[in-house]
Amino acid sequence: MSNTEPDPPEVDCAASGFATVLHPRDVPLGGPRAMRVRRTLPQRQRSLIGAWCFADHYGPHDVRGTTGMDVPPHPHTGLQTVSWLFSGEVEHRDSAGVHAVVRPGELNLMTAGAGICHSEVSTSETTVLHGVQLWVALPDSARDTDRDFAHYAPAPRTVDGVTTRVFLGELGADRSPVHTFTPLLGAQLDLAPGAEVTLEVDDTFEHGVLVDLGNIHACGSDVGAAELAFQSAGHGRLPLANRGSDPARVILLGGVPFAEQLVMWWNFVGRTHDEIVRYRQQWQDHDERFGQVSGYRGAIDRLPAPAMPHATLRPRPNPGV
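Model, not experiment: these values are computed from the prediction.

Chemist: Any details on the packing of aromatic side chains? Residues and values, ideally.
Modeler: Within this structure, the stated rule accounts for 8 aromatic pairs. Taking the centre distance of 6.3 Å and the plane angle of 55° together, the rings of Trp265 and Trp266 count as tilted. Residue Trp265 is classed as buried on the basis of its relative accessible area, which comes to 2%. Geometrically, the ring pair formed by Trp283 and Phe290 is edge-to-face, given 5.7 Å between the ring centres and 85° between the ring planes.

This is the structure in structure tokens:
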């Protein structure tokens, strides 16, 4: 997925403590007439949760008779993209030669490394599109790694009205085999009406609870749909409760506090303003850093990069690091 804001806000983040609730903002995916998504990371209160540096939540959208999701080939550097759906299907193509279909309950993780480009298009069979798109910042030691792609379908585990699918990292008895470059946790939890659980979590991790559906009480706060509750490191337990009369669903994110400062702009994660300028120019020049996507059929063959802002891009401070 592409961050198509032409001038995304620069943010200086103050320290956040236990039970901060982050509220989303609506942005278009691919242009002003495109599908709208709700973005909770990054923002002024917090740029990262562990190495999780970007979180979009979208749907449920009835895409019958519309273009649905149609994001032309666009570049990435220094990150991994995590695609996770609740309903619908998205066709993925990238310049590493991968052609895959993202389906509900199945992780698709793309590693950009030094550079990649990809397209994302909802399939013709999709009637309702609903899911999240997440980015993970790569540490300096791995940000120039090779392009890669991983797929994993975690088995659900249900205990006391809570069904868990761990797609990255480890939670309780479940562990994902998918490789990450920093310690991470990513999981979907479905809570029956009235269900409560206290999760035993790694106390060296920061955690975020992104609510998809339901009336959730998490980390000591009430959290509404599309909001994200943040719990700082130092807590070995994370309480969750569905206080509504309907089923609820959340995405749980976690990771050790990310110790490096990042410069994020458009679809690039770097370390300096000059790096971002170079990445942008290489994309505009069709440089082999990003390669080419084969098989995409859309109105344009690739997304042009927006103009650079009239200011020097600064690193995003990491609260509490």
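The structure having been displayed, the exposition proceeds.
Chemist: Break down the environment of Tyr152 for me, citing the residues and quoting the values.
Modeler: Its place among the elements puts Tyr152 in strand 12 (residues 148–152). Between the alpha carbons of Tyr152 and Pro177 there is a distance of 8.1 Å; along the sequence they are 25 residues apart. Contacts of Tyr152, omitting those with residues within four sequence positions, involve Glu106, Leu107, Val166, Phe167, Arg175, Ser176, Pro177 and Val178.

Chemist: Which residues make up the pattern of salt bridges, and what are the values?
Modeler: Following the criterion strictly, the structure yields 14 salt bridges and no others. Arg157 is paired through a salt bridge with Asp174; the nearest N and O atoms lie 3.0 Å apart. Placement of the pair is Arg157 in strand 13 (residues 157–159) and Asp174 in strand 16 (residues 174–175), with a sequence separation of 17 residues. In this structure Arg157 comes out as partly exposed when scored by relative accessible area, which is 39%. Note on Asp174: relative accessible area 15%, which makes it buried. A network of salt bridges, in which partner residues are shared, links Arg165, Asp190, Asp212 and Arg249.

Chemist: Explain the UniProt feature "binding site: Fe cation" (unreviewed entry) in the protein residue by residue, including any values.
Modeler: As annotated by UniProt and renumbered to match this structure, "binding site: Fe cation" (unreviewed entry) occupies His74, His76, His118 and Glu120. Despite a sequence span of 47 residues, these residues sit close together in the fold, their greatest C-alpha distance being 13.3 Å. Here His74 is to be found in strand 5 (residues 70–76). One polar contact links His74 to His76, side chain to side chain, over a distance of 3.5 Å. Following the sequence through the fold, Glu120 ends up in strand 10 (residues 116–122).

Chemist: Talk me through unusual backbone geometry; I want residue IDs and the actual numbers.
Modeler: Note the cis peptide between Leu41 and Pro42, where omega equals -5°. For Pro42, the location among the structural elements is in the loop between strand 3 (36–41) and strand 4 (52–62). Residue Pro60 is bonded to the preceding Gly59 through a cis peptide linkage, with omega at 0°. The topology assignment puts Pro60 in strand 4. We note that Trp266 has phi near 50°; this positive angle belongs to a residue other than glycine. Tracing the backbone shows Trp266 in the loop between strand 25 (263–265) and strand 26 (268–270). A positive phi angle, close to 60°, is found at His286, a residue other than glycine. With respect to the helices and strands, His286 occurs in the segment after helix 1 (273–284). Exposure remark for His286: the relative accessible area of 47% places this residue in the partly exposed category.

Chemist: Describe the UniProt feature "domain: Pirin N-terminal" (unreviewed entry) in the protein, and please don't skip the residues or the numbers.
Modeler: As recorded in UniProt, the sites labelled "domain: Pirin N-terminal" (unreviewed entry) are residues 35–136. Structurally, residues 35–136 comprises 0% helix and 62% strand, and the distance from its first C-alpha atom to its last is 23 Å.

Chemist: So what's going on with the nonpolar core? Which residues, and what values?
Modeler: Of all hydrophobic cores here, the largest spans 36 residues; its most connected members are Trp52, Val82, Leu107, Phe167, Leu168 and Ile251. Looking at this core, the elements with two or more residues in it are strand 4, strand 6 (79–87), strand 9 (107–111), strand 11 (128–137), strand 14 (162–168), strand 22 (228–231) and strand 24 (248–255). Looking at which element gives the most residues to this core, the answer is strand 11, with 5 residues. Setting aside chain neighbours within four positions, we find Leu168 in contact with Trp52, Val82, Leu107, Leu109, Ser176, Val178, Thr180, Leu184, Leu185 and Gly186. In this structure, Met35, Tyr58, Val102 and Trp265 belong to the second largest nonpolar core, which totals 28 residues.

Chemist: Lay out the layout of surface pockets in plain terms, naming residues and giving numbers.
Modeler: Within this model, the largest pocket holds a volume of roughly 270 Å³. Around the largest pocket, the lining is made up of 13 residues, and of these Arg157, Val159, Thr164, Val197 and Leu199 lie nearest the centre. Going through the elements one at a time, strand 13, strand 14 and strand 18 (196–200) are the ones with two or more residues in the lining of the largest pocket. The leading source of residues in the lining of the largest pocket is strand 18, at 4 residues. Among the residues making up the lining of the largest pocket, the classes are represented as 6 nonpolar, 2 polar and 5 charged.

How each quantity is defined
Residues numbered from 1 in each chain as written. Predicted model: local features only at pLDDT ≥ 70, side-chain atom pairs only at ≥ 80, totals over all residues. Heavy atoms only, no water. Phe/Tyr/Trp six-rings, centres within 6.5 Å; stacked < 30°, edge-to-face > 60°. Buried < 20%, exposed > 50% of the residue type's maximum accessible area, 1.4 Å probe, protein only. Helix = DSSP H or I, 4+ residues; strand = E, 2+ residues; numbered from the N terminus. Contact = heavy atoms within 4.5 Å. Salt bridge = Lys/Arg side-chain N within 4 Å of Asp/Glu carboxyl O. UniProt positions renumbered as here; feature names shortened; annotations may be inferred. Polar contact = N/O pair within 3.5 Å; in protein donor to acceptor, adjacent residues only side chain to side chain. Core = buried A, V, L, I, M, F, W, Y, C linked by side-chain atoms within 4.5 Å. 1 Å grid on protein atoms, 1.4 Å probe; cavity = no way out; pocket = protein on both sides within 12 Å on 5 of 7 lines; lining within 4 Å. Points joined across faces, edges and corners; volume = space filled by probe spheres on them. Nonpolar A, V, L, I, M, F, W, Y, C, P; charged D, E, K, R; others polar.

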